[in-house]
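# Breakdown of the fold
Chain by chain, the residues:
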Amino acid sequence: MIFRPSVTQYSLVFIIITAIAFSVLGFAIYNEFTDLEHKIGSKQSAEAAMQLRQNLARLDQLIEDTARDIGDWQETRQQLSYPAYYEYWRDSRVLSQSFYFSTIQAIELYNHAGKSLADHPKEGMPKVVDQRAGYTIYAEGDEHAIFYNAPINSDRRGTIGYVLLKIKLEKSLEDIFPIQGINMASLRFDADAQYLPSLTQLVLIANYTTKISEHAVALRNLVNENLYRSAALIVFLSVLFIVFAIVLIVNPIRKFAQHIADLESAPALSDNARPCSFMLKELQLVCNSMEEYHLKLSEMNADLDEKNRELWSQAHNDALTGVFNRRAFEMDWQHIETAIQGSRIDIAFMLIDCDRFKTLNDTYGHNIGDKVLIEISSSIQQCLRDGDQLYRLGGDEF
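Keep in mind it's a predicted model, so treat the numbers as computed, not measured.

The sheet built from five strands is open, its strands ordered 1-4-3-2-6 with antiparallel pairing. The strands lining the two open edges of the sheet, one partner per strand, are strand 1 (104-111) and strand 6 (194-196). Averaged over all neighbouring strand pairs, the angle between strand axes comes to 25°, with direction disregarded. Pairing analysis gives three bridges linking strand 2 (residues 134-140) to strand 6, with the strands arranged antiparallel. Residue pairing across strands places Thr-136 opposite Tyr-195, the latter belonging to strand 6. Where helix 2 (residues 74-81) meets the sheet, its contacts fall on strand 1, strand 3 (143-154) and strand 4 (158-168), and the angle it forms with strand 3 comes to roughly 80°.

Of note, Ile-152 is situated in strand 3. Residue Ile-152 is classed as buried on the basis of its relative accessible area of 2%. Counting along the chain gives 81 residues from Ile-152 to Gly-71, while the straight-line C-alpha distance between them is 5.2 Å. Beyond its immediate chain neighbours, meaning those up to four positions away, Ile-152 contacts Gly-71, Thr-76, Arg-77, Leu-80, Leu-109, Gly-158, Thr-159, Ile-160, Gly-161, Tyr-162 and Val-163.

For the rest of this paragraph, the subject is unusual backbone geometry. A positive phi angle, close to 55°, is found at Arg-356, a residue other than glycine. Within the fold, Arg-356 resides in the loop between helix 7 (326-340) and helix 8 (357-364). Classification of Arg-356 by relative accessible area gives exposed; the value is 68%.

Mapped onto the elements, Asp-60 comes out in helix 1 (residues 7-72). For the buried residue Asp-60, which engages in no salt bridge, the nearest side chain bearing the opposite charge is Arg-68, 9.5 Å off. Side-chain polar atoms of Asp-60 contact the backbone nitrogen of Leu-199, separated by 3.3 Å. For Asp-60, the contacting residues outside a window of four places in its chain are Tyr-135, Ser-198 and Leu-199.

Summed over all chains, the structure comprises 13 salt bridges. Residue Arg-93 pairs with Glu-75 through a salt bridge whose shortest N-O separation is 2.4 Å. Taken together, the residues Arg-93 in helix 3 (residues 86-93) and Glu-75 in helix 2 connect sequence positions 18 residues apart. In this structure Arg-93 comes out as partly exposed when scored by relative accessible area, which is 30%. With a shortest N-O distance of 3.6 Å, Asp-130 and Arg-132 are connected by a salt bridge. Looking at Asp-130, the relative accessible area reads 45%, which means it is partly exposed. The network of salt bridges with common partners includes Arg-90, Asp-91, Glu-108 and Lys-122.

This next bit is on the environment of Gly-322. Looking at the element boundaries, Gly-322 is found in the loop between helix 6 (281-316) and strand 8 (324-325). Taking relative accessible area as the criterion, Gly-322 reaches 46% and is therefore assigned partly exposed. Taking the C-alpha atoms as reference points, Gly-322 and Leu-390, separated by 68 residues in sequence, lie 10.0 Å from one another.

Reading guide: rules and limits
Residues numbered from 1 in each chain as written. Predicted model: local features only at pLDDT ≥ 70, side-chain atom pairs only at ≥ 80, totals over all residues. Heavy atoms only, no water. Pairing = 2+ DSSP bridges. Helix = DSSP H or I, 4+ residues; strand = E, 2+ residues; numbered from the N terminus. Axes fitted to C-alpha atoms, helices over the stretch in contact; angles between N-to-C directions. Contact = heavy atoms within 4.5 Å. Buried < 20%, exposed > 50% of the residue type's maximum accessible area, 1.4 Å probe, protein only. Lys, Arg positive; Asp, Glu negative; His and termini not counted. Salt bridge = Lys/Arg side-chain N within 4 Å of Asp/Glu carboxyl O. Polar contact = N/O pair within 3.5 Å; in protein donor to acceptor, adjacent residues only side chain to side chain.

So, in C-alpha cells, the structure goes:
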C-alpha cells in the first residue's frame, strides 16, 4: 500500500520549522530590546525628573524675586497708600520694569485686608485675595495658571498689602526654563484649584513623555537590524513555502481539474476518462468521491429531466381547471409573434367571461364557484377543434 502524506502532515512540518526559526530569532531580539530599552528608559526618566525639579525651583525663585521686587518698589507702596492712578500703574508702569517677564498674565495689588485696589480687577483675578502666602494652581483648558500671593511688609506697620501674580505655568517652562529631556508639548499637570507652598511639588503630579536620545536611536537601529534579519528569514521561508505549494498543491490541483474535464467528456466513465492518482491522500479521496458522484449524477440527471417536465406542467397549467394559464398564454403569444415576423396569418381570439360569477361565488361559497369554473372549462374544451388552445387568464376569464 502506497503511503500518501496528508496536507495536514506537510503543513505541520512547515509550521514546526517556521516556529523554531522565529522563536530563536524572536527570543534574541526580545532580550536585547528589553535590556537596552529598560536601561535607556530608566536613565531618561531619572534625568527628566531631575531637570523638571530644577527648572521648577528656578521658576519658583524667579516668581518670588519678582514679587519681592514689586513689593520693594516705591511706586507699589505709593499705590497702596494712594491708589487713584492704580489702574494706569498696573496696566502700563509695571509692565515696563526690568523684573517683569513675558509669561506673567496679570498683576494685582491688594490692601492689608486682602481687597483689590481696583474696582474691576484684571480678567481672572479675584476681588479678594487669600492672605496666605504661596501658590495656587488652576486648570485653564489643557494648560494651567499659577497664582502666587506674597505679602508686602513695612518695618513699622507690618503687612500693608499683597501682590498677586498670575503666570502661565507650561508656557514659562517652555519659553523661559525649557527642559531638554522632556517633550514640552506633552507636559501636563494633574491639578486644579490646589494650594502649593512650593512649585517643586508639581513634580509629583506631572505627566510627560521624554525625548528620543542618542541611546534611543541606538536602540532603534538595533531593532531595525533585527527586523531586517527577520525579513530575510521571512523571504527564505516564503520561497520554501512557494516551492512546497507548487509541488504539493498547485500541480495536483491542475491534474485534478484535468481529470474533471475528462469526466465531463465521458459521462458514463468510459475508457476515455483516465484514472486519477495523486501524492496527497486528501486529493486521492476527493478524486475517488468525484467519480462515484459522477455516476450518481448521471442517474440523477434522468430523474431531474422528468421532474422538470412535471414542473413545467405545473407552471403552465391552471391548478384548478387543468387548462393552460396566463403564463402559457403569454409564452405562446411570444412564439406566434416570433414566427410570423410581420407576415399576415389568420388567427382568432375569443374572450369568455362568466356573467354574475361573483354573485354566485358570494352566495354559494368558493367551493361551488370552483366547481362551476371546472364545468365551464370542461364544456368549452368539448367545443374546441383540434389545435385550438384554452387558457384561463384569471378569475372567470377564459
